[in-house]
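Geometric and topological summary
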Amino acid sequence: MAKKKRPLLDQLKEGKYPSFVKEMEKMAEKKPAVEDHLNLLERSYEDKTVHWKHGGIVGVRGYGGGVIGRYSDLGDEFPNVKEFHTMRVNQPSGWFYSTETLRKLCDIWEKHGSGITNMHGATGDAILLGTTTEHLQPCFDDLSANGFDLGGSGSDLRTPSACVGPARCEHACFDSLDLCNHLTQEYQDELHRPMWPYKFKIKISACPNDCVSSIARADMSIIGTWRDEIRVDQDMVKEYANNGKDIEGILASCPTDCISYDTEKKEINIDNENCVRCMHCINKLPKALRVGKEKGATILLGGKAPIVQSAFLSWVIVPFMKLESPYDELKDLLERIWDWWDEHAKVRERVGELIYRKGMRVFLKEVGLEPDARMVKYPRANPYIFWWPEEVQQND
């Protein structure tokens, strides 16, 4: 049978960057479902509409989450994607895999599904794209036998995810990997059995660089910080200067002008009370500047993409918290927030939207937090910055 032409998808194979179409075409040679998927995608581009529909709930025994039902509304024309369910596999903390583990995962998926993966989804899971209802339970059984578990989906706790933290980052202010694993193990019921008004995401960054973009994508953002002074090695400042580093130019980008450079002494001076932990100076001068010694995390709440309300960036609810195992203070706060949200939220209302509707004063009183000047009344409702070309200052 001759393959259908796909002129629109062929355009996505042009250019110097890798193309998902090329990769899917490799798999299509041995997986009819992938061939039909490509043809369905071409049709979607032609019709300018998505040919996937909702219909029915599928899953595996004992779990309410982790499987997302996918059905095509053109199943008669493309029978191999009439059912094309997704499975979410809980990732290891920091996304550290051995090649042996990845091979096991891919072998299981080629056996039971399309072989197409998404590494990783927005929640953090390894996403296995495309299988049939009859293969869901056997696939799950094989995953479990090889040490894998499903992640979250639906109105439950989504799979916590974390940056690589102290495993590779010198700026880490707490052990993000241990915290992510601890919360995942602690809240198995909340992960696998949807019981809430809507989803709840936890993303963990071990320093203010926020490498997992938690502030824009998580209902609870846990971002490492420090509450003493930035450590300065003035000898290394001099070495940077003697090697031609433009220290003044680097420090000119400080958003609060809290840092200055003495050109005669070749020393850096910092007004730490006005430092907002943007990390710019530390990233640019890592041998001379280091995060403080009194480390912990800032806890933020409410980040989300547009659904009911606009997009929110999460906002501070606890300016500083020490994070050490068994993390009792954090878990106690989490559970108070969940109880309040579960009682007062509307269907499909995220916790940030509930706080926006009820007000920060009500939220703080109900969960037992003291007001703090570093909190804001309303979250920033647009994580994007737009400007006209004429508004951009041109530097000579």
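Structure first, text after, so check above.
Let me sum up the structure you'll find in this document. As the structure is a computational prediction, the values presented were derived from the model and not from experiment.

Quick word on the overall build of the protein
Scanning the protein from terminus to terminus reveals 14 helices and 15 strands. If you line up the protein on its principal axes, its C-alpha atoms span 80 × 50 × 45 Å. The buried share of the protein, reckoned over its 396 residues, is 48%. Intrachain contacts of the protein at a sequence separation of at least 6 include 65% that bridge at least 24 residues.

Topic: the packing of aromatic side chains
Overall, the coordinates contain 11 aromatic pairs when judged by the stated rule. With centroids separated by 5.7 Å and ring planes inclined at 90°, the aromatic side chains of Phe200 and Trp338 adopt a geometry described as edge-to-face. A residue pair is termed long-range when its members are at least 10 positions apart, and Phe200 in the loop between helix 7 (188-192) and strand 8 (202-205) and Trp338 in helix 12 (residues 328-344) qualify at 138 residues. The exposure class of Phe200 is buried, given its relative accessible area of 0%. In textbook terms, an aromatic cluster arises when at least three aromatic residues are bridged by ring pairs, as seen for Tyr187, Trp196, Phe200, Trp338 and Trp341. The ring centre of Phe312 lies 5.0 Å from the NZ or CZ of Lys304, which sits over that ring.

Considerations on the packing of helix 4 (residues 99-112) against helix 5 (residues 133-145)
The N-to-C vectors of helix 4 and helix 5 enclose an angle of 160°; their axes lie 10 Å apart at closest approach. Judged on the interaxial angle alone, helix 5 and helix 4 are roughly antiparallel. The element helix 4 and its partner helix 5 pack so that their crossing is right-handed. Facing helix 4, whose interface residues are Leu105, Ile108, Trp109, Lys111 and His112, helix 5 presents His135, Pro138, Cys139, Asp142 and Leu143.

A short note on the pairing of strand 5 (residues 116-119)
In this sheet, strand 6 (residues 126-131) lies alongside strand 5 in antiparallel orientation, the contact comprising four bridges. Within strand 6, the position partnered with Ile116 by the bridge is Leu129. With antiparallel pairing between neighbouring strands as the criterion, strand 5 and strand 6 make up a hairpin whose turn holds six residues, including Gly124 at a positive phi of roughly 130°.

Topic: helix 9 (residues 234-242)
Because the α-helix completes a turn every 3.6 residues, residues three or four places apart line up on one side. Along helix 9, the positions that sit buried rather than exposed are Met236, Val237 and Tyr240. Looking straight down helix 9, one finds its buried side chains confined to an arc of 110°; they lie on one side. Exposed positions of helix 9 whose direction lies more than 90 degrees from the buried face are Asp235 and Asn242. Of the residues that open helix 9, the one with a side-chain oxygen 3.1 Å from the backbone nitrogen of Asp235 is Asp233. Of the residues trailing helix 9, Gly244 is marked for its positive phi of about 90°.

Describing a nonpolar patch on the surface
Nonpolar side chains collect at one region of the surface, where Leu8, Leu12, Phe20 and Tyr45 lie side by side and expose about 330 Å² of accessible area between them. Along the chain, the position of Phe20 falls in helix 2 (residues 20-28).

Remarks on the environment of Gly64
Considering the arrangement of structural elements, one finds Gly64 in the loop between strand 1 (52-53) and strand 2 (67-68). The exposure class assigned to Gly64 is exposed, which follows from its relative accessible area of 51%. Along the primary structure Gly64 and Gly152 are separated by 88 residues, whereas in three dimensions their C-alpha atoms are 8.8 Å apart.

Calculation notes
Residues numbered from 1 in each chain as written. Predicted model: local features only at pLDDT ≥ 70, side-chain atom pairs only at ≥ 80, totals over all residues. Heavy atoms only, no water. Helix = DSSP H or I, 4+ residues; strand = E, 2+ residues; numbered from the N terminus. Buried < 20%, exposed > 50% of the residue type's maximum accessible area, 1.4 Å probe, protein only. Contact = heavy atoms within 4.5 Å. Phe/Tyr/Trp six-rings, centres within 6.5 Å; stacked < 30°, edge-to-face > 60°. Lys NZ or Arg CZ within 6 Å of the ring centre and 35° of its normal. Axes fitted to C-alpha atoms, helices over the stretch in contact; angles between N-to-C directions. Parallel < 35°, antiparallel > 145°, perpendicular 65-115°, else oblique. Left-handed = near helix turned anticlockwise from the far one by under 90°. Pairing = 2+ DSSP bridges. Arc of directions from axis to C-beta. Polar contact = N/O pair within 3.5 Å; in protein donor to acceptor, adjacent residues only side chain to side chain. Patch = residues over 30% accessible without salt bridge, like charges linked within 9 Å, V, L, I, M, F, W, Y side chains within 5 Å. Areas by Shrake-Rupley, 256 points an atom, 1.4 Å probe, with all protein chains shown as cover. Salt bridge = Lys/Arg side-chain N within 4 Å of Asp/Glu carboxyl O.

In short, geometric facts, not functional conclusions.
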